[in-house]
Amino acid sequence: MTDTFLSIRQVHKAFGTTVVVQEFNLDVRQGEFVSFLGPSGCGKTTMLRIVAGFEEPSSGSVFIGGKDVTRLKPNQRNIGMVFQAYALFPNMTVAQNIGFGLKVAGMPKAQMQARVGEMLELIKLQEFGGRYPYQLSGGQQQRVALARAMAGKPQVLLLDEPLSALDAKVRVSLREEIRAIQKELGITTIFVTHDQEEALSMSDRIVVMYNGRAEQVGTPFEIYNKPATRFVAGFVGTLNVLEGKVADAEQGIVRIGAEDVATGRALTGRRAGEPISLALRPEAISLGPKDGRASTAHGIIREVSFLGSVIRVRVALGDDVVSLDTFNNPATPPPVAGEKASISFSPEDVHLLDQ
Amino acid sequence: MTVNRFWSWIFLVLGVLYFALPLVGTFEFSMKMRRGVYSLDAYEAVIFDPRFQETFTYSVMMALATIVVGVLLVVPTAYWVRLKLPAWRPVLEFVTLLPLVIPPIVIVFGYIRLYNTSSWLPLTGTAMGTNILLMFGYVVLALPYMYRAVDTGLRAIDVRTLTEAAQSLGAGWATIMWRVILPNVLVAVLSGAFLTFAIVIGEFVMAALLNRPAFGPYLQLIGANRAYEPAALAVIAFGITWGCMALIQVVSRFAPRPPAQPH
Ligand SMILES: Nc1ncnc2c1ncn2[C@@H]1O[C@H](COP(=O)(O)OP(=O)(O)OP(=O)(O)O)[C@@H](O)[C@H]1O
Ligand SMILES: [Mg+2]
């Protein structure tokens, strides 16, 4: 990568004997929006705090703008940070909160006021400069926190689950707002979340973390459609897993229950009879035959849930149950539980999962 | 319900009488200096007594010095322990409680032993040195109240996240203490300060044993030798204490309100 701006090199972090982050490598481009996505306790916050300087890595280093900042104190790194708990200074007004970093940096008063005004406009809270944090809603407080973090034009913006304390509606509108502001200012951003929808909708790239490791780094499209590991496949989106045995490795045939299913690729390195797991997204499976979806399997419909525009059907194939989505069609009644059914899918959409 | 309320009122009235009667009695007595009529003669006599003015001024100065030193000692300590050494909080709490358990007379004898004229730090050799010693004694006496007030104030804010937010905005420790932590615990600090003031103004044992011209020993002296003036002084001293309590109530209205926290 040519224009790497933030670089995390072989970072390893242990608290006592508990390893929390290991072998972490990441290059972030100037202006890029990268999310850390993963389950609770996987080390997202710890990795973010290492970038911020609140924790020192046990080994490895962090570079910002080509400079090694691993041993720099947080107040020397020129970063902006937004916390889940807002963390506005209760004794200061909105304007004073936003201007805090500028004042610390010794900016002249007139210039500071202008900058605070700009930031208030950016977060659409022009009228609120004189209010105190307790007079604001959660969403407004978080916008002020965002403005405060960005007022000093930091090199990197770090957000630790900034939306998770907000209710669902505010969360969606604020994530769009954050992304728009981030793009407008072109600020390099790391966003921590355990919400896959947030990560998929906002990010240029996602780092899926598990047990302190970066399991996969990729665009939302890659993460969702080409999960590199079983964990990523299972964690991001709904995934149907079919357990089978290799029937013919060369031809790519897998036996699931009593049926042979084509995976469309040679299963190199596998032997016949070896157990193997196939994974399929619900949207990659059709009920009944469909053009372009050459592989088929047969089963019994277990459950039909009407979700409005889509109908989710659960079909039992031997011991496994797969979910698939069909669009609601007012002209034809939905399938009925208990009926026999066939499913079809394209061999290319099948992921092979490591055991 | 009504029975309950009836008894509550009875106890309330009894409580008020228990506290108020002696005060009212003292107040009434303090105005009887002139035969046959109520007058403020006793108050006049007290207030214009040069020794009253001297000792009172001395004690006020001591109280202010005690407050400044106490705040400088307690606020950074309580903050640091909350931030970096939370496991040590029980220890600190215990240490700050000790002055309530150890009688001041024991403390002051210890001081005299440690800092007498033939010791390694002969503080009692000079008036200034003794003043300093007395002031530190007062800091110790006020420690339980000051520490608890400040610690309660710190509990109301998210010390760690606010500190980190300020750090990420480029602030160093001095800025964080002065602009973020202190303003948010100011009300707590002030209530600690008023309590300290009330304690120092009335303190007798330490001042007497260190032989300093403080208000407490003066109270005792007058009390032993006069009839009406001690009553007037007692009322004045009460007035000061209550004034401090009222001020605590007033300033707590101006506390910066912590915003609604996410849950
Ligand atoms: N200061 C610390 N001392 C000891 N262990 C810690 C410390 N901070 C974090 N941990 C441990 O490190 C692990 C990762 O914590 P971290 O906060 O990074 O997780 P996370 O991915 O942010 O989780 P969440 O989604 O719940 O916020 C956890 O098991 C946690 O208990
Ligand atoms: Mg976290």
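Within any chain, residue numbers begin from 1 and follow the written order of that chain's sequence. Written order decides the labels, with chains lettered from A and ligands numbered from 1. Totals for whole chains, interfaces and linings use all residues, but because this is a predicted model, local features are given only for residues with pLDDT of at least 70 and pairs of side-chain atoms are given and counted only at 80 or more. Excluding hydrogens and water, the side-chain values take into account all heavy atoms of the structure.

(A) Structural detail: the sheet that holds strand E14 (residues 275–280) of chain A. Residue and element names in this part refer to chain A. Spatially, E13-E12-E11-E14-E20 is the arrangement adopted by the five strands of the open sheet, whose pairing is antiparallel. In the strand order of this sheet, the two ends are held by strand E13 (259–262) and strand E20 (351–353), each with one partner. Averaged over neighbouring strand pairs, the angle between their axes works out to 45° when direction is ignored. At least two bridges found by DSSP between two strands is the condition for calling them paired. Numbering of helices and strands starts at the N terminus; helices are DSSP runs of H or I of at least 4 residues and strands are runs of E of at least 2. Interaxial angles span 0 to 180 degrees and are taken between N-to-C directions of axes, which are lines fitted to C-alpha atoms, for helices over the stretch in contact.

(B) The environment of Trp242(B), seen in detail. One can find Trp242(B) in helix H11 (residues 229–252). Three labels apply to residues, based on accessible area from a 1.4 Å probe with only protein chains included: buried if under 20% of the type maximum, exposed if over 50%, partly exposed otherwise in between. The exposure class assigned to Trp242(B) is exposed, which follows from its relative accessible area of 53%.

(C) Molecular detail of the packing of aromatic side chains. Two rings from Phe, Tyr or Trp (for Trp, the six-membered ring) form a pair when their centres are within 6.5 Å of each other. A pair whose planes differ by under 30 degrees is stacked, one over 60 is edge-to-face, and the rest are tilted. All chains considered together, the criterion is met by 18 aromatic pairs over all chains. Between the aromatic rings of Tyr18(B) and Phe19(B), the centroid separation amounts to 5.6 Å while the plane-to-plane angle is 85°, which identifies the pairing as edge-to-face. Given the relative accessible area of 66%, Tyr18(B) is considered exposed. Judged by relative accessible area, Phe19(B) falls into the exposed class, the value being 64%. Ring geometry for Phe52(B) and Phe215(B): centres 5.6 Å apart, planes at 75°, overall edge-to-face. In this pair, Phe52(B) sits in helix H3 (residues 50–84) while Phe215(B) sits in helix H10 (residues 215–225), placing the two residues 163 residues apart along the sequence. Each of the two residues, Phe52(B) as well as Phe215(B), counts as buried. Taken together, the aromatic side chains of Phe52(B), Phe56(B), Phe215(B) and Tyr218(B) make up a single cluster linked through ring pairs. Geometry around Phe89(A) places Arg148(A) over its ring, the cationic atom sitting 4.6 Å from the centre. Remark: a charge is flagged as sitting over a ring if the NZ atom of Lys or the CZ atom of Arg is within 6 Å of the ring centre and within 35 degrees of the ring normal. For the cation-ring pair, Arg281(A) lies above Tyr224(A), with the distance from its terminal atom to the ring centre recorded as 4.0 Å.

(D) Quick peek at the site of ligand 1. Residues and elements named next belong to chain A. If you check the shell around ligand 1, you find Phe15, Val20, Pro39, Ser40, Gly41, Cys42, Gly43, Lys44, Thr45, Thr46 and Glu161 and nothing else. In the model, an oxygen atom of ligand 1 is placed 2.7 Å from a nitrogen or oxygen of the Gly41 main chain. Within 3.5 Å is the distance limit for a polar contact, defined as a pair of N or O atoms, with the added protein rule that one can donate a hydrogen and the other accept it, and that residues adjacent in sequence qualify only through two side-chain atoms. Contacts to ligand 1 include Thr46, whose side-chain N or O atom sits 2.5 Å from an oxygen atom. Taken by itself ligand 1 offers 630 Å² of open surface, and the protein chains cover 57% of this. A per-element tally of the shell around ligand 1 places helix H1 (residues 44–52) first, with three residues. Along the lines of polarity and charge, the residues of the shell around ligand 1 split into four nonpolar, five polar and two charged. One heavy atom within 4 Å of a molecule or strand makes the whole residue count as near it. Reported accessibility uses the Shrake-Rupley method at a 1.4 Å probe radius. Residues are deemed covered only where the shown protein chains occlude them. Charged means Asp, Glu, Lys or Arg here, nonpolar means Ala, Val, Leu, Ile, Met, Phe, Trp, Tyr, Cys or Pro, and polar covers whatever is left, Gly included.

(E) The arrangement of the packing of helix H2 (residues 94–104) of chain A against helix H3 (residues 109–122) of chain A in detail. Residues and elements named next belong to chain A. The contact between H2 and H3 brings their axes to 9 Å, and the two run at 125°. The orientation of H2 with respect to H3, classified from their angle, is oblique. Crossing handedness for the pair H2 and H3: right-handed. Of the residues in H3, those in contact with Val94, Ala95, Ile98, Gly99, Leu102 and Lys103 of H2 are Met112, Arg115, Val116, Met119 and Leu120. An angle below 35 degrees is read as roughly parallel, one above 145 as roughly antiparallel, one from 65 to 115 as roughly perpendicular, and any other as oblique. Put simply, a crossing is left-handed when the front helix is turned counterclockwise from the back one by less than a right angle, and right-handed when it is turned clockwise. Every residue pair with non-hydrogen atoms within 4.5 Å of one another is taken to be in contact.

(F) A look at unusual backbone geometry. All names here are of chain A. Even without being a glycine, Ala87 presents a positive backbone phi close to 60°. Relative to the helices and strands, Ala87 is located in the loop between strand E6 (79–82) and H2. Of the residues examined, Ala87 reaches a relative accessible area of 7% and is grouped as buried. Positive phi outside glycine occurs at Lys124, with the angle close to 55°. Structurally, Lys124 can be placed in the loop between H3 and helix H4 (138–151). Among the residues examined, Lys124 registers a relative accessible area of 55% and is labelled exposed.

(G) Representation of the pattern of salt bridges. Salt bridge criterion: a side-chain nitrogen from Lys or Arg within 4 Å of a carboxyl oxygen from Asp or Glu. Per the counting criterion, the structure on display carries 24 salt bridges over all chains. The partner of Glu32(A) in a salt bridge is Arg205(A), and the shortest N-O contact between them spans 2.6 Å. Of this pair, Glu32(A) sits in the loop between strand E2 (18–29) and strand E3 (33–37) while Arg205(A) sits in strand E9 (residues 205–210); the two residues are 173 residues apart in sequence, bridging distant segments of the chain. Each of the two residues, Glu32(A) as well as Arg205(A), counts as buried. It is possible to trace a salt-bridge network through shared partners that takes in Arg49(A), Glu55(A), Arg160(B) and Glu164(B).

(H) Main features of the UniProt feature "transmembrane region" (unreviewed entry) in chain B. All names here are of chain B. UniProt tags residues 6–25, 60–82, 94–114, 126–147, 185–210 and 231–251 as "transmembrane region" (unreviewed entry). Split by type, residues 6–25 is 100% helix and 0% strand. Its first and last C-alpha atoms lie 28 Å apart. Overall, residues 231–251 shows 100% helix and 0% strand. The separation of its end C-alpha atoms is 30 Å. UniProt positions are given in the numbering used here, feature names are shortened, and annotations may be inferred rather than shown by experiment.

(I) Fine view of the side chain of Arg77(A). Residues and elements named next belong to chain A. Along the chain, Arg77 turns up in the loop between strand E5 (67–68) and E6. Of the polar contacts made by the side chain of Arg77, one reaches the backbone oxygen of Val51; its length is 2.8 Å. Leave out the neighbours within four places in its chain, and Arg77 touches Ile50, Val51, Ala52, Gly53, Val69, Thr70, Arg71, Leu72 and Gln155.

(J) Structural context of the pairing of strand E1 (residues 4–15) of chain A. Residue and element names in this part refer to chain A. Inspection of the sheet shows E1 paired to E2 by eight bridges, in the antiparallel sense. Bridged to Ser7 within E2 is Asp27. The antiparallel pairing of E1 with E2 creates a hairpin that spans two residues between the two strands, and Gly16 there sits at a positive phi of about 60°. Inspection of the sheet shows E1 paired to strand E4 (residues 59–64) by five bridges, in the antiparallel sense. Each residue of the ladder has a partner; that of Ser7, found in E4, is Phe63.

(K) Quick peek at the sheet that holds strand E17 (residues 310–317) of chain A. Residues and elements named next belong to chain A. Taken together, the five strands give an open sheet; going across it, the order is E15-E19-E16-E17-E18, and neighbouring strands pair in antiparallel fashion. Since the sheet does not close on itself, it has two edges, and those belong to strand E15 (285–287) and strand E18 (320–327), each with one partner. Adjacent strand axes in the sheet meet at a mean angle of 45° when their direction is disregarded. Across six bridges, the pairing between strand E16 (residues 295–306) and E17 is antiparallel. Paired with Ser305 across the bridge in E17 is Arg312.

(L) Geometry of the pairing of strand E8 (residues 188–193) of chain A. All names here are of chain A. When you tally the buried positions in E8, you get six out of six residues, the bulk of the element. Across the two faces of E8 the burial is the same, with Thr188, Ile190 and Val192 and Thr189, Phe191 and Thr193 all buried. The sheet contact formed by E3 and E8 spans five bridges and is parallel. Directly across from Ser35, in E8, lies its bridge partner Phe191. Pairing geometry for strand E7 (residues 156–160) and E8, over five bridges, is parallel. When the sheet's bridge partners are listed, Asp160 is paired in E8 with Val192. In terms of handedness, the path from E7 via helix H5 (residues 168–185) over to E8 forms a crossover that is right-handed. Handedness rule for crossovers: strands pointing away from the viewer, path from the first strand over the helix to the second running clockwise, crossover right-handed.

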